[in-house]
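Structural characterization, general
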Amino acid sequence: MLGDKMFRIFLLLLLLTAGSAFSAEIAVGQSAPLTGGNADLGNDIRNGALAYFKKVNDAGGVGGHTIKLVTLDDRNDAKTAGENTGKLVADDSVVALFGYASSTLSVPAMPAVAEKKIPFFAPFTGADTIRKQNDYVYTIRATYADEIEKIINFWGNLGSTRVTVLHYDDAVGKENFATVAKVLQKFGKAPVSVAIARNVDLTDANIQAIIASDPNILVVTTLYAPVAQMVRKLKAAGKQYMVTSLSFAGASQIAKALGPDAAGISVALTVPTPSTQSIPVVKECGDAWAALGHKDAMSVTALEACIAAKVLVEGMRRAGKDITRASLQKALSAIGRYDAGGYVVDFKPGFHHGGSYVSIALIRASGELRN
């Protein structure tokens, strides 16, 4: 009789333990290019977030819950990103989507995001397109308009206002070109457009169009691969121009792709440089990066993902004991001004676009970034 009773108690404890283990995980979904032409960017986003999530999990998680990042490879293909989103949101344990690598990859996710009412957090884009989608989108970075304003004002103040823009021949690319044109109006100037196809190598015609425009400054709003191709092809043609890029290309990725040929390229940054250890969140993320086992220096992209992960975790901490999509959205919307350690975001009901940091950095021959 006693044995029967003890067995029932044991069974009950086992079931309770199993139930506790099942609920002790917070899942965050992500679609990112882990392979293909934009793989460096996608892997840096994933690994930067993993570094911070590991730091949190090692310290006991959020209210005893560990965080799990579920990443599906979209190979930088918009259709695949949309399909990946469908798979991720079908799992009710996924409370947020995180770190999609561009506006082009984010937009296909929007119907599922709106239908499932799931927070879509920190896409790696400053395009207005993604900000105009729905109330479930939260961004922590400045807009491309903010970056372009900074770039043009920097060069404009030096008198170098003959500008050519290399951009994608799609809605987002044309929007970026239009923004450059609008900013240049204050200098009485108009930029020259060189539009290229997305996910296609630069053509000789593209290079000839750049040379024919005779720019003082080349503003690039593409990914890092076209930047690298452009610089190499211009060098082969005996041409050299001042090149500046939106943050979208990835400063660290440009430096890696071009090696010493990247020296002198200026890049807009939406987070501090990883070498700025005097900023608490930069040091915190650098330590988390090393603790994850990385021997290489943390890239700008990985740092941005780490900071974004920290802000998302702050939302989780404020979401209550049982973190759901609804409780997390409510917490994020009410987060207000939050200082992540030298990087400030400000979310409020009705406005979920909390970042404004922009600086200009120069790539050295060593690949190091200098403000």
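Worth saying up front: this structure is predicted, and the values here are computed from it rather than measured.

Considerations on the pairing of strand β12 (residues 344-347)
- Because side chains alternate across β12, one face comprises the buried residues V345 and F347, and the other comprises V344 and D346, none of which is buried.
- When strand β11 (residues 336-339) meets β12, the two strands line up antiparallel, connected through four bridges. Paired with G336 across the bridge in β12 is F347.
- Joining the antiparallel neighbours β11 and β12 is a turn of four residues, in which G341 adopts a positive phi near 115 degrees.

Topic: the nonpolar core
- Grouped together as the largest cluster of nonpolar side chains are 104 residues, with contacts concentrated most on F121, M230 and I254.
- It is helix α13 (residues 300-317) that contributes the most residues to this core, 12 residues altogether.
- Beyond its immediate sequence surroundings of up to four residues, F121 is in contact with L97, F98, G99, Y138, I140, A308, V311, L312, L332 and F347.
- Listed in part, the 15 residues of the second largest apolar core include V94, A112, V113 and F120.

Quick notes on the confidence of the model for the protein chain
- For the protein chain, per-residue confidence averages 89 on the pLDDT scale, and 92% of positions sit at 70 or higher.
- Scored below 50 in pLDDT, residues 6-23 makes one contact in the model with residues more than four places away or belonging to other chains.

Comments concerning helix α9 (residues 204-213)
- Buried within α9 we find N206, I207, I210, I211 and S213. Buried residues of α9 fall within an arc of 165 degrees about the axis and therefore sit on the same side. Away from its buried face by more than 90 degrees, α9 exposes D204, A205 and A212.
- Lining the buried residues of α9 we find β6 (163-168), β7 (192-196), β8 (217-220) and α10 (224-236).
- One or two positions beyond α9, positive phi appears at D214, with a value near 50 degrees.

Calculation criteria
Residues numbered from 1 in each chain as written. Predicted model: local features only at pLDDT ≥ 70, side-chain atom pairs only at ≥ 80, totals over all residues. Heavy atoms only, no water. Buried < 20%, exposed > 50% of the residue type's maximum accessible area, 1.4 Å probe, protein only. Helix = DSSP H or I, 4+ residues; strand = E, 2+ residues; numbered from the N terminus. Pairing = 2+ DSSP bridges. Core = buried A, V, L, I, M, F, W, Y, C linked by side-chain atoms within 4.5 Å. Contact = heavy atoms within 4.5 Å. pLDDT = per-residue confidence, 0-100. Arc of directions from axis to C-beta.

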